[in-house]
Amino acid sequence: MFDTLSDQFDGIFKKLRSRGRLTEADLDETLREVRLALLEADVNFKVVKGFVARVKERAVGADVAKSLSPAQQVIKIVHEELVATLGGVTGKITMSSKPPTIVMLAGLQGSGKTTAAGKLAQLLKGQGLQPLLVGAVLQRPAAVQQLRVLGEKVGVPVYSEPTDPLSVAKGALEEAARLGRNVVIVDTAGRLQVDAELMGELARVRDALQPHNTLLVVDAMTGQEAVNVAQEFHQAVELDGIILTKLDGDARGGAALSIKDVVGRPILFAGVGEKLGDLEPFHPDRMAGRILGMGDVLTLIEKAEGAFDADQAIEAEARMRKGQFTLDDFLDQMQVVRKMGPLKSVVAMLPGMPKELRNADVDEGQLGRVEAIIRSMTAQERRDPSVINGSRRVRIAKGSGTTTQDVNSLLKQFKMVQQMMRSTGNQKGRRTPWQ
């Protein structure tokens, strides 16, 4: 996510920090490099022009904080302006005082609209709401079927009928009342391109539904085209916000950095993966931190809280302190980490990570091989790996589709982890010299 832009900013600010006292010429050169980095990231040129002008005005006119060097002050201003460009504050959907709250999703075919509907349903359900998914994409029966599959996975009912979009929209409100659902998420038809027929149908569905939230789903990887599409949809049906999909695959960031400024509507949610749980509220401050390589600790904590079972974590900690950490515990912890999303994205949220580690290719398949090896062991072997002799290693390797070298490597790594856990447990409660 934003890898190219992050790398360029990293190089620009590394050079800036090495200069100590900044002259106006140094500032001009830095801003010139920032301008080029943003343009190469496919950010709208008007947005870039305004961004650079605001940074320069503030950097030249501001009193430098005593705790910051001139270089740090410039970086701070760039960060604050990035936050403002991305939307300033975290947006959210408008909830109706009289349920149900109606959310209408619009977008071009292929933008990930139907999947976004399922992800949004899961997100809202996790917040204690009772969503109803509505399939109004009647030109493509496969889209309605896809929505039904997603609804089943999420545990949310799906309503549709083979009539016309207006009838479906009206029937959906009756179905929501019948089932006691307080949020209605309507997946509308898309096209391969913006056309009068699409906009006319959307306007009619909007008039029938009177949605509290009209959200456009756009593909972040299309860059400036996403911004152009958002402008056309906003002019036709007046959007309330944006869902930016495939943000995890967007190395440049042009759409994310341009939409709010150009369209005047905030990005509310970001799709950051293929799983149903990979839809996040869009936090401008956190996203700016990621772009500048500052990490995103808050999102990391939220993902960890969502993935960890508190009771299991307490039990595991107790066993670790007693030196009873087993391969079953190791497998449980590994699965929790995998629930938090792709390892590369988790690493990128850690503050202070060098770009070499942020951009390193992580072999997700290796985790799968480790899991296969552990699952090929007996319950006794997982509890006490010391019983695993040569013949058992051969059996485990065959059962997991790996090699004995892979099994040996895992057992060696686990022994090191086990020793570290015991050492940590023994040090608990000891007073440090300065206490």
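Since the structure is predicted, the reported quantities are computational estimates derived from the model, not experimental observations.

(A) Fine view of the overall build of the protein. When helices and strands are counted, the protein shows 20 helices and 8 strands. Here the protein, with 435 residues, has 47% of them falling under the buried criterion. Contacts in the protein between residues far apart in sequence, at least 24 positions, make up 73% of those at least 6 positions apart.

(B) Up close: the side chain of E381. Inspection of the secondary structure puts E381 in helix 18 (residues 379-383). Residue E381 is classed as buried on the basis of its relative accessible area of 0%. Not counting residues up to four positions away in its chain, the partners in contact with E381 are L327, V387, I388, R392, R395 and I396.

(C) Spatial organisation of the packing of aromatic side chains. Enumeration over the complete set of coordinates arrives at 1 aromatic pair. Taking the centre distance of 5.7 Å and the plane angle of 5° together, the rings of F9 and F13 count as stacked. Taken as a pair, F9 and F13 lie in helix 1 (residues 3-17) at a separation of 4 residues, close to a single helical turn. In this pair, the class of F9 matches that of F13, namely buried.

(D) The pattern of salt bridges, seen in detail. Under the definition given, this model contains 15 salt bridges. With its nearest N and O atoms 3.2 Å apart, the salt bridge here joins K113 to D187. Of this pair, K113 sits in helix 5 (residues 113-126) while D187 sits in strand 4 (residues 183-187), and the two are 74 residues apart along the sequence. Side by side, K113 and D187 carry an identical accessibility label, which is buried. Where salt bridges share partners, they join R54, R58, K76, E80 and E81 into one cluster.

(E) The nonpolar core, seen in detail. Within the largest apolar cluster, 72 residues are counted, with the highest numbers of intra-cluster contacts made by F9, L38, L82, F233, L244 and L247. Top contributing element to this core by residue count: helix 4 (residues 70-85), with 7 residues. Non-local contacts of F9, meaning those with residues more than four positions away in its chain, are made with V34, L38, L82, I291 and L292. With 24 residues, the next largest nonpolar core counts L105, L123, L133 and V154 among its residues.

(F) Just the pairing of strand 2 (residues 131-135), in detail. With 5 of 5 residues buried, strand 2 is to be regarded as a mostly interior element. The sheet contact formed by strand 2 and strand 4 spans 5 bridges and is parallel. Within strand 4, the position partnered with V134 by the bridge is V186. Judged from the 2 bridges that link them, strand 2 and strand 3 (residues 158-159) form a sheet pairing that is parallel. Bridging from a neighbouring strand, V134 pairs with Y159 of strand 3.

(G) Examining the environment of D10 more closely. Topologically, D10 is positioned in helix 1. In sequence terms D10 and G293 are 283 residues apart; their C-alpha atoms lie 7.2 Å from each other.

(H) Fine view of helix 8 (residues 196-209). In this model helix 8 runs 20 Å from its N-terminal to its C-terminal C-alpha over 14 residues, within 8% of the 20 Å that 1.5 Å per residue would give. Within helix 8, the full set of buried residues consists of L198, M199, E201, L202, A203, V205 and L209. Here the buried face of helix 8 lies against strand 1 (101-106), helix 7 (165-179), strand 4 and helix 9 (224-237). In the segment just after helix 8, Q210 is the residue with positive phi, at about 50°.

(I) Representation of helix 9 within the structure. The first and last C-alpha atoms of helix 9 sit 20 Å apart over 14 residues, in line with the 20 Å expected at 1.5 Å per residue. Three or more residues of helix 9 are buried, namely Q224, A226, V227, V229, A230, F233, H234 and V237. Tucked into the core, helix 9 has its buried residues touching strand 1, helix 8, strand 5 (213-219), strand 6 (241-245) and helix 10 (254-263). Directly beyond the C-terminal end of helix 9, a positive phi value near 55° is found at E238.

(J) The arrangement of the environment of A106 in detail. Looking at where A106 falls in the secondary structure, it is placed in strand 1. Taking the C-alpha atoms as reference points, A106 and V186, 80 residues apart in sequence, are found 8.8 Å from one another.

(K) Structural detail: unusual backbone geometry. The omega torsion of the bond from P99 to P100 falls at 5°, within 30 degrees of zero and hence cis. Of note, P100 is situated in the loop between helix 4 and strand 1. For Q210, which is not a glycine, the phi torsion comes out positive at approximately 50°. With respect to the helices, strands and loops of the structure, Q210 is situated in the loop between helix 8 and strand 5. The class of Q210 is exposed, set by a relative accessible area of 54%.

(L) Quick peek at the packing of helix 1 against helix 2 (residues 24-40). Helix 2 packs onto helix 1 with a crossing angle of 175° between their chain directions and a minimal axis gap of 10 Å. In terms of axis orientation, helix 1 runs roughly antiparallel to helix 2. In this structure, helix 1 uses L5, Q8, F9, I12, K15 and L16 to contact helix 2, whose residues at the interface are E29, T30, E33, V34, A37, L38 and E40.

(M) Summary view of the sheet that holds strand 6. Read from one edge to the other, the open sheet built from 8 strands follows the order 3-2-4-1-5-6-7-8, with strand pairing classed as mixed. Here the strands that pair on one side only, and so sit at the sheet edges, are strand 3 and strand 8 (279-281). Direction of pairing for strand 5 relative to strand 6: parallel, over a ladder of 5 bridges. Among the inter-strand pairings, V217 is bridged to a residue of strand 6, identified as I243. Packed on one face of the sheet, helix 5 meets strand 1, strand 2, strand 4, strand 5, strand 6, strand 7 (267-271) and strand 8 and runs near 170° to strand 4. Running at roughly 160° to strand 5, helix 9 makes contact with strand 1, strand 5 and strand 6 of the sheet.

Reading the values: the criteria
Residues numbered from 1 in each chain as written. Predicted model: local features only at pLDDT ≥ 70, side-chain atom pairs only at ≥ 80, totals over all residues. Heavy atoms only, no water. Helix = DSSP H or I, 4+ residues; strand = E, 2+ residues; numbered from the N terminus. Buried < 20%, exposed > 50% of the residue type's maximum accessible area, 1.4 Å probe, protein only. Contact = heavy atoms within 4.5 Å. Phe/Tyr/Trp six-rings, centres within 6.5 Å; stacked < 30°, edge-to-face > 60°. Salt bridge = Lys/Arg side-chain N within 4 Å of Asp/Glu carboxyl O. Core = buried A, V, L, I, M, F, W, Y, C linked by side-chain atoms within 4.5 Å. Pairing = 2+ DSSP bridges. Expected span 1.5 Å × (residues − 1). Axes fitted to C-alpha atoms, helices over the stretch in contact; angles between N-to-C directions. Parallel < 35°, antiparallel > 145°, perpendicular 65-115°, else oblique.

By themselves, these figures tell us nothing about what the structure is for.
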